[in-house]
Amino acid sequence: MAGNPPIVVHRISASGGRRITVRGRIMGLAHSDFDVLELVAQAGISGGEDLLADPTLVEWVGGRPHQYQPLELLP
């Protein structure tokens, strides 16, 4: 990806949720898009849901965007 987006939504943890970093600072664990927007707002970046679709602002790492629960493995 070109550039260096200030917001990174990291891979899904084994127990669910994704770590959110803003400009390299860990903001917390998100379990929904709402959580991401709240954590990002705490870092001083405001915006609606459109913010999450902007690749110049947000990088989704290790999983599909907007997914917060690990996929269940088949037996």
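Scroll up a little and you will see the structure.
Because the structure is predicted, anything quoted here is derived from the model rather than measured.

Caption draft 1: Local environment of the sheet that holds strand E4 (residues 58–60). Taken in spatial order, the four strands make up an open sheet running E3-E2-E1-E4, and their pairing is mixed. Only two strands of the sheet have a single partner each, and these edge strands are strand E3 (25–30) and E4. Across this sheet, the average inter-strand angle for adjacent strands is 20°, counted without regard to direction. Where strand E1 (residues 7–12) and strand E2 (residues 18–22) come together, four bridges link them in antiparallel fashion. By the bridge assignment, Ile-7 is partnered in E2 with Val-22. Contacting E1, E2, E3 and E4, helix H1 (residues 33–42) crosses the sheet at an angle of about 155° to E3.

Caption draft 2: How the structure looks around the nonpolar core. Ranked by internal contacts, the top residues of the largest apolar core, which has 16 residues, are Ile-20 and Val-36. Elements represented by at least two residues in this core include exactly E1, E2, E3, H1 and E4. Take this core: its biggest share by element is four residues, from H1.

Caption draft 3: Region of the structure containing the pairing of E1. Between E1 and the antiparallel strand that follows it, E2, lie five residues; Gly-16 among them carries a positive phi value of about 100°. One ladder, built from three bridges, connects E1 with E4; its direction is parallel. Bridging across to E4, Ile-7 finds its partner in Val-58.

Reading the values: rules and limits
- Residues numbered from 1 in each chain as written.
- Predicted model: local features only at pLDDT ≥ 70, side-chain atom pairs only at ≥ 80, totals over all residues.
- Heavy atoms only, no water.
- Pairing = 2+ DSSP bridges.
- Helix = DSSP H or I, 4+ residues; strand = E, 2+ residues; numbered from the N terminus.
- Axes fitted to C-alpha atoms, helices over the stretch in contact; angles between N-to-C directions.
- Contact = heavy atoms within 4.5 Å.
- Core = buried A, V, L, I, M, F, W, Y, C linked by side-chain atoms within 4.5 Å.
- Buried < 20%, exposed > 50% of the residue type's maximum accessible area, 1.4 Å probe, protein only.

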